[in-house]
Structures are given as structure tokens and as C-alpha cells.
Amino acid sequence: MLLHDHEIATAQRSPDPLPPRPRTRAVRIGSPIVASFGLLLIALVAVSIGPVSLAPGTVLHALGGLVVPSDSAPAASDLLVSEVRLPRVVLAGLVGAGLSVAGAVMQALFRNPLAEPGITGVSSGAAAAAVIAIVTGVSALAWWMLPLAAFVGALVCTAIVHAISSVSRGRSSTIILVGIAANAFLGALVSAVLANASDAADVQRVTFWLNGDLTAATWSDVAVAAVGIPLGAIVLLGLARSFDLMSLSDTQAASTGVNVGLVRQSALALAALVTAAAVCVTGVISFVGLVVPHLVRLLVGPRHARLMWLSALSGAAFLIVADLIARMLFTPVVLQTGTVTAFVGAPALLLLVLRSRRNLQ
């Protein structure tokens, strides 16, 4: 039995459909207010640190200039904050929050702690469609063509994973194998497209983009992410109570009036939208949706209203820190952000698989 399944079984034996919230110091620390302040502090530090370090007062002055513009010419430090570092930090926060919420939703719907957009192939579906749009020139037709292509690719891959999961009753081994097969197939498709691309600049751009990175993030990228990610995440948060019931069983959820089929299909489509909005501006950044929701669930329990809020805040902080490590660890050599998250996420996935196998025995 999987760890998440064990929690479900325990909840089903109790009089209350969900276990009471543990009143521990860890839960008090893991509050949305504390997490929000922590996220703001991390963002301030990330904006301050770089090849040219800035004092917190200088950063706050630059941020104040964005709120209340001055007639005088902006200082070099103000431009460094407003045009280089701040959009990168904001984009990292949006993408980290979106991928974490999408991962929490997929884990609830598949009743599997190993489900997340990267492992199940959803991110690769969005990336493959986006790469085809870039190489064929479709993305140049309008600003919304790239997000649309990424959304369609993510939605198709989500539908396939959902169909196979339904047939296999959501077994973790099947979902992981489907994800491996999808990632392999889509990777081969991307390689074939790049091999026949006529523009070498597109090939170099896409190759770097496929590994997930926030270098050269702009306010235009933030605008694209700020449309799809908050919209999808807010609607998903409104379905938190339905996710609580569906985590137990579809039968129990239906008995309380939840339209299980509609909620599942809508939630998967919204998770695909959030994933697509993230992938189309940063490329594929894996493991955020796996590591963050799982750790938050261990901290605060399985109630999705609290779980999803804290996953969003923690995911934003996690990716901001990962991006900071990527650009500062081996300076002046810059790592890609997706590389850092893979260094953290791959061992975490291995531990989850080994723990699941031990629970099954």
C-alpha cells in the first residue's frame, strides 16, 4: 500500500471522513501567514544577491520606485532590480507555485504521491507542442500561440495518462511507466523536429529551453504566466473540498453530491492549463510538483484547502531558491534552474519509490 493510500485507509476507518488536524508546533509554523512572510523574505534576498550584491535598502528603494515613479532618471541599481532580477524572481515564484498546485491536484486525483506533471509526462507534452510551434514558426503568428500550443500538448498527455490510470486503477507502477513511455516518445519527437529545423538559432534556443531555465526572464514572460497560473490555481483551490472526498473514494465523494466525473475532468484540464502556462515561459522544470506537495502533506496533513495554499507558497519559495543556487553556486558559470531541481527531486523520487515498495510488502 502506498503512503497516501495508507492515510486514506486510516481516514476511512475513523468516524470523521478526514483525520483531525494535528495540533503540533510544526503545523503552527506551517501557516499561510508565516509562509507568506517567509516567501517575501526569500524573494527580497534573491533580488539582493547576484554578481553585483545590493543592500536591502537599495532593493526596497528600487521597488518603491516601481510603485511611485520618480521624474528623475533611474539609477543603475534601480534598473538592475526592475528589469533583470525582479522579473526573474517573480516568474520563479509563479512557476513554482503553479507546478506545486498542479502536483498536489494530480496526487489527489490519481490517489498517488508519485504523480506530478513532469513524471507523468504532462510537462513533456506541453514542451513538445511548444517546440513544434517554435520551429514551425507558428509561435510568431501571435503572442498567445505558444501558450495555446503548450496547453493543447499538456491536455492531450493528461487525457492519455488519466485514461490509462482509470484502467489500471491508479497503480503507481503503471503511472510511472506511462510517464516514462510518454517522456521517451515525446523526447524522440522533439529530437526529430529539431533535426529537421532550418534555423540553427531556433535549435539552440529550444535545446537550452527544454532543460528548464529562467535566464533572460522578462516582464512579458511574467505576463503570460500571470494569466494562466493564478486563474487555474484559484479555481482548483475552490475544488479543495471535492479533492478531500475524492482522495477517499469516488463512491464516497459521489454519495455527498460531488459530480466526480466533472470535477476530475475539469481539475485535470486546469492542471494542464497551469502546467502549460509554466512550461511555455521556462521550459520543463521537473520534480517541483512532486517534492513540494509531498513534504507539505507530511507537515500539515491531507486537507487540500490548507495543503494547496501551502504548496503554492512553498513551491514559489523552493523555485526561487533553486534559481538563486543555479545562478550563484558556480559563478560566473550559471547552471540551469531545471538542473538544480533535478538534483533535489531525483533522490526524493527514489526515496518515495523505495518507501512505496516497502509499504506494499
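Quick look at the overall build of the protein
Helices and strands together make up the secondary structure of the protein, namely 16 helices and zero strands. When the 361 residues of the protein are sorted by exposure, 50% land in the buried category. Within the protein, contacts between residues separated by at least 24 positions form 78% of all contacts whose residues are at least 6 apart in sequence.

Description of the pattern of salt bridges
Applying the stated criterion across every chain yields a total of four salt bridges. Its salt-bridge partner being Asp 323, residue Arg 88 comes within 2.8 Å of it at the nearest N-O pair. Residue Arg 88 is located in helix α5 (residues 76-109), and its partner Asp 323 is located in helix α15 (residues 304-328); the two are separated by 235 residues in the primary sequence. Given a relative accessible area of 11%, Arg 88 falls into the buried group. Here Asp 250 makes a salt bridge to Arg 264, at a shortest N to O gap of 3.2 Å. On the criterion of sequence distance, the pair formed by Asp 250 in helix α12 (residues 250-255) and Arg 264 in helix α13 (residues 260-282) is long-range, its members being 14 residues apart. When salt bridges with common partners are traced through the structure, they connect Arg 88, Asp 323 and Arg 327 into a single cluster.

Some details on helix α7 (residues 145-167)
With 23 residues, α7 should reach 33 Å at 1.5 Å per residue; the first-to-last C-alpha distance of 33 Å fits that figure. If you check which residues of α7 are buried, you get Met 145, Leu 146, Pro 147, Ala 149, Ala 150, Gly 153, Ala 154, Cys 157, Thr 158, Val 161 and Ser 165.

Description of the packing of α5 against α15
At a closest axis distance of 7 Å, the pairing of α5 and α15 adopts a crossing angle of 135 degrees. Comparing the axis directions of α5 and α15 gives the class oblique. With respect to the hand of their crossing, α5 and α15 are arranged in right-handed fashion. Contacts between α5 and α15 pair Arg 88, Val 89, Ala 92, Gly 93, Val 95, Gly 96, Ala 97, Ser 100, Val 101, Ala 104, Val 105 and Ala 108 from the former with His 304, Met 308, Ser 311, Ala 312, Gly 315, Ala 316, Leu 319, Ile 320, Asp 323 and Arg 327 from the latter. When grouped by side-chain class, the residues that make up the contact of α5 with α15 number 13 nonpolar, six polar and three charged.

Let's talk about unusual backbone geometry
In this model, Ala 216 sits at a positive phi of 65 degrees, which is unusual for a non-glycine residue. Locating Ala 216 in the fold gives a position in the loop between α9 (200-210) and α10 (219-238). Classification of Ala 216 as exposed rests on a relative accessible area of 63%. We note that Phe 287 has phi near 75 degrees; this positive angle belongs to a residue other than glycine. Tracing the backbone shows Phe 287 in the loop between α13 and α14 (288-300).

Examining the environment of Val 45
When you line up the elements, Val 45 lands in helix α3 (residues 32-48). The exposure class assigned to Val 45 is partly exposed, which follows from its relative accessible area of 36%. Through-space distance from the C-alpha of Val 45 to that of Val 321 is 9.4 Å; in sequence the pair is 276 residues apart.

Some remarks on a nonpolar patch on the surface
Together, Trp 143, Trp 144, Leu 148, Val 152, Val 156, Ile 160 and Ile 164 line one region of the surface with nonpolar side chains, adding up to about 690 Å² of accessible area. Among the structural elements, Ile 164 can be located in helix α7. Residue classification places Ile 164 among the partly exposed residues on the basis of a relative accessible area of 32%.

Re the confidence of the model for the protein
When pLDDT is averaged along the protein, the result is 82, and 88% of the positions lie at 70 or above. The least confident element of the protein is helix α1 (residues 3-13), whose mean pLDDT is 42; the most confident is α15, at 94.

Some thoughts on the packing of α5 against α14
With their axes 8 Å apart at the nearest point, α5 and α14 run at an angle of 70 degrees to one another. Judged by the inter-axis angle, α5 sits roughly perpendicular to α14. Helix-helix and strand crossings are classified by hand; for α5 and α14 the assignment is right-handed. Two secondary-structure elements touch here, α5 through Gly 96, Leu 99, Ser 100, Gly 103, Ala 104 and Gln 107 and α14 through Val 288, Gly 289, Leu 290, Val 292, Pro 293, His 294 and Arg 297. Of the residues in the contact of α5 with α14, the class split is six nonpolar, six polar and one charged.

Regarding the side chain of Ser 82
You can see Ser 82 is positioned in helix α5. A residue is classified by how much of its surface remains accessible, and Ser 82, at 7% relative accessible area, is buried. Dropping the residues within four chain positions of it, Ser 82 is found in contact with Leu 66, Pro 87 and Trp 219.

What counts and how
- Residues numbered from 1 in each chain as written.
- Predicted model: local features only at pLDDT ≥ 70, side-chain atom pairs only at ≥ 80, totals over all residues.
- Heavy atoms only, no water.
- Helix = DSSP H or I, 4+ residues; strand = E, 2+ residues; numbered from the N terminus.
- Buried < 20%, exposed > 50% of the residue type's maximum accessible area, 1.4 Å probe, protein only.
- Contact = heavy atoms within 4.5 Å.
- Salt bridge = Lys/Arg side-chain N within 4 Å of Asp/Glu carboxyl O.
- Expected span 1.5 Å × (residues − 1).
- Axes fitted to C-alpha atoms, helices over the stretch in contact; angles between N-to-C directions.
- Parallel < 35°, antiparallel > 145°, perpendicular 65-115°, else oblique.
- Left-handed = near helix turned anticlockwise from the far one by under 90°.
- Nonpolar A, V, L, I, M, F, W, Y, C, P; charged D, E, K, R; others polar.
- Patch = residues over 30% accessible without salt bridge, like charges linked within 9 Å, V, L, I, M, F, W, Y side chains within 5 Å.
- Areas by Shrake-Rupley, 256 points an atom, 1.4 Å probe, with all protein chains shown as cover.
- pLDDT = per-residue confidence, 0-100.

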